[in-house]
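# Examining the three-dimensional arrangement
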Amino acid sequence: MQYVPWVKRILYAMARSNSKSEFAERISWPFWLWLLSLLMTASIYLTIWAPFGNRNAIITSLITSTAFIYFSQKSKLEIVVINNWLYVGEAMIERKYIGRVSILNHDKFLQIRGPQADPACFNATRFWVSTGVMVELKDRNDPTPYWLISSRHARALAAALN
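Residues numbered from 1 in each chain as written. Predicted model: local features only at pLDDT ≥ 70, side-chain atom pairs only at ≥ 80, totals over all residues. Heavy atoms only, no water.

## Brief notes about the sheet that holds strand β3 (residues 85-88)
To keep it simple, the criterion reads: Here a strand pair is declared whenever DSSP counts at least two bridges between the two strands. Under the scheme used here, helices are H or I runs from DSSP no shorter than 4 residues and strands are E runs no shorter than 2 residues, and both carry numbers assigned from the N terminus. For helices, the fitted line uses only the C-alpha atoms of the stretch in contact; every axis is such a line through C-alpha atoms, and the angle between N-to-C directions lies from 0 to 180 degrees. Throughout, a residue-residue contact means that at least one pair of heavy atoms, one from each residue, lies within 4.5 Å.
Spatially, four strands are ordered β1-β2-β3-β4 in an open sheet, and the strand pairing comes out antiparallel. The strands lining the two open edges of the sheet, one partner per strand, are β1 (23-27) and β4 (91-94). With direction set aside, neighbouring strand axes in the sheet form an average angle of 10°. Taken together, the four bridges between β3 and β4 define a ladder with antiparallel strand orientation. By the bridge assignment, Tyr87 is partnered in β4 with Met92. In this fold helix α5 (residues 154-161) packs onto β1, β2 (77-82) and β3, with an angle of close to 35° to the strand it touches most, β2.

## Comments concerning the side chain of Ser75
With respect to the helices, strands and loops of the structure, Ser75 is situated in the loop between α3 (54-74) and β2. When near neighbours in sequence (up to four residues on either side) are disregarded, Ser75 contacts Ile27, Trp29, Arg126 and Trp128.

## Remarks on the environment of Arg152
Considering the arrangement of structural elements, one finds Arg152 in the loop between β8 (146-150) and α5. Arg152 sits 24 residues away from Trp128 along the chain, and the two C-alpha atoms are 10.0 Å apart. Those residues in contact with Arg152 that sit more than four places away from it in its chain are Glu25, Arg26, Ile27, Ser28, Trp128, Val129 and Thr131.

## Points about the pairing of β8
Side-chain positions along a regular strand alternate between the two faces of the sheet. Condition: Classification of residues uses two cut-offs on accessible area relative to the type maximum, computed with a 1.4 Å probe and protein chains only: under 20% is buried, over 50% is exposed, and between them is partly exposed.
In terms of burial, β8 is largely enclosed, as five of its five residues are buried. Alternating positions in β8 separate into two faces, Tyr146, Leu148 and Ser150 on one and Trp147 and Ile149 on the other, with burial throughout. Bridging between strand β6 (residues 122-124) and β8 involves three bridges; their strand directions are parallel. Paired with Ala124 across the bridge in β8 is Ile149. Across five bridges, strand β7 (residues 132-137) lies against β8 in antiparallel orientation. If you follow Glu136 over to β8, its bridge partner there is Tyr146.

Structure, rendered in structure tokens:
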């Protein structure tokens, strides 16, 4: 089965409405990141408006706003555990290949994302989420040692995978 974006939306909706689903979470931009993008757009508007006038500033601001909206949509992370499968963004893995699942607090999550990172790991992290889980794999054919997943509800995700 090819995993296309509309299937991802259906899975997320199913997980939210299905009593048999174990876990569903959507991570999108927080308020402060939207506010930062608004301030950056306003700053760009003023930078263009002063030397070039109103029309050029409006066009540049529209382009900048469109880019921020595009980036916010592309950086969403959907995590779904349903029917013995774990879906993280575009990736999926069957539960039988999942080994130990570790809950990571803020400090441990920063260490594993940074100095202790394994370049072969699957990294589904977002910088604005400070907790997550490390899902170790037990598939001998997969060179990926673990999945590192950002989650605001790390305990619930770990419970759904254990």
